[in-house]
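# Coordinate inspection notes
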Amino acid sequence: MNRVLAFVSGAVLLGSSATALAAGDAAAGKAKYDLFCSTCHGMTGQGDGPGGAALNPKPRNYADKEWQKTTKDADIFKVIKEGGPAVGKSPLMAAWGAALSDADIHNVVAYIRELGKAAK
Ligand code: HEC
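## A closer look at the packing of aromatic side chains
Using the criterion set out here, one finds 4 aromatic pairs in the structure. Judged by centre distance (5.5 Å) and plane angle (45 degrees), the ring pair of F36 and W96 falls under tilted. Placement of F36 in helix 2 (residues 26–36) and of W96 in the loop between helix 5 (73–82) and helix 6 (102–118) is noted, with a sequence separation of 60 residues between them. Among the residues examined, F36 registers a relative accessible area of 27% and is labelled partly exposed. A relative accessible area of 23% means that W96 is categorised as partly exposed. Relative to W67, the ring of Y62 has its centre 5.7 Å away and its plane inclined at 35 degrees; by these criteria the two rings are tilted. Across the pair, exposure class does not vary: Y62 and W67 are buried alike. Site record: aromatic cluster; members linked through ring pairs are Y33, Y62, W67 and Y111.

Pasting the structure below:
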């Protein structure tokens with residue numbers, strides 16, 4: 001009986017982590033985003049966080065529909081992991097590869113997509 005239960009919960013765990021890697025878990029991404037990114041990009045992702053107010057260029061507004069449409073997940077992943085200069089953008093956007101694992105970054109990308117959808 002116990003063995004069956006252990007097997008079942010193991011399968012559920014494996015299943016959920018595989019999904020998180022493939023698509024990104026927006027809820028997990030939100031936790032990292034609120035901690036590391038919202039100071040500049042804003043709690044709702046409109047580029048209006050207090051830490052971004054004095055910056056030039058301004059932090060990206062994720063509610064920008066054109067940006068959401070034309071920017072690939074891989075591009076968002078790269079700028080988060082390697083920083084602005086890696087994609088020809090400002091060094092004010094730091095590289096987060098040391099603070100966030102690849103799985104974390106996939107989750108944050110998923111959350112950035114959610115913020116884009118939530119915007120009016
Ligand atoms: C110190 C303020 C600051 C913090 C903190 C910050 N960013 Fe940025 N970010 C910027 C600025 C400024 C830009 C705009 C760079 C540009 O347009 O050249 C930017 C741009 C971006 C872009 C858009 C690149 C594009 O295609 O235009 C993404 C995505 C992004 N940041 C994600 C994040 C994530 C995720 C975090 C947290 C892990 C984060 N940023 C933390 C300042 C910040």
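Having seen the model, we can carry on.
## Some points on the coordination of the iron atom of the ligand
Protein ligation of the iron atom of the ligand involves H41 (NE2) and M93 (SD), the donor distances falling in the range 2.0 to 2.2 Å. Bound by 6 donor atoms, the iron atom of the ligand shows angles of 87 to 179 degrees at the metal and therefore octahedral coordination geometry. Of this pair, H41 sits in helix 3 (residues 38–41) while M93 sits in the loop between helix 5 and helix 6, placing them 52 residues apart in sequence. Its relative accessible area of 10% is what places H41 among the buried residues.

## Description of the layout of surface pockets
Quantified by volume, the largest pocket comes out at close to 580 Å³. Forming the walls of the largest pocket are 26 residues, and the residues nearest its centre are H41, P59, R60, V79 and M93. Elements with a minimum of two residues in the lining of the largest pocket: helix 3, helix 5 and helix 6. Considering each element in turn, the lining of the largest pocket owes the most residues, 4 residues, to helix 5. Counted by class, the lining of the largest pocket contains 19 nonpolar, 3 polar and 4 charged residues.

Scoring rules and cut-offs
Sequence order sets the numbering: in each chain, residues are counted from 1 along the sequence as written. Restriction of local features to residues with pLDDT of at least 70 applies here, the model being predicted, together with a cutoff of 80 or more for giving and counting side-chain atom pairs; totals for whole chains, interfaces and linings are based on all residues. Side-chain calculation: all heavy atoms of the structure are included, whereas hydrogens and water are not. Stacked, tilted and edge-to-face pairs are distinguished by plane angle, under 30 degrees for stacked and over 60 for edge-to-face with tilted covering the rest, among Phe, Tyr and Trp rings (Trp via its six-membered ring) whose centres lie within 6.5 Å. Counting from the N terminus, the helices are the DSSP runs of H or I reaching at least four residues and the strands are the DSSP runs of E reaching at least two. Only protein chains enter the accessibility calculation, which uses a 1.4 Å probe; a residue whose area is less than 20% of its type maximum is buried, one above 50% is exposed, and one in between is partly exposed. Each metal site is built from N, O and S donor atoms within 2.8 Å (3.2 Å for Na, K and Ca), and since water is not included, such sites may look incomplete. For a four-donor site, all angles between 85 and 135 degrees give tetrahedral; for four or six donors, opposite pairs above 155 degrees with the remaining angles between 65 and 115 give square planar or octahedral; all remaining cases count as irregular. In this analysis, the protein atoms alone were mapped onto a 1 Å grid. Cavities are point sets where a 1.4 Å probe fits without being able to get out; pockets are open sets with protein on both sides within 12 Å along at least five of seven lines; lining residues have an atom within 4 Å of a point. Grid points are joined across faces, edges and corners, and a volume is the space filled by probe spheres set on the points. Each residue is assigned to one of three groups, with Ala, Val, Leu, Ile, Met, Phe, Trp, Tyr, Cys and Pro labelled nonpolar, Asp, Glu, Lys and Arg labelled charged, and all others, Gly among them, labelled polar.

On their own, these measurements won't tell you what the molecule is for.
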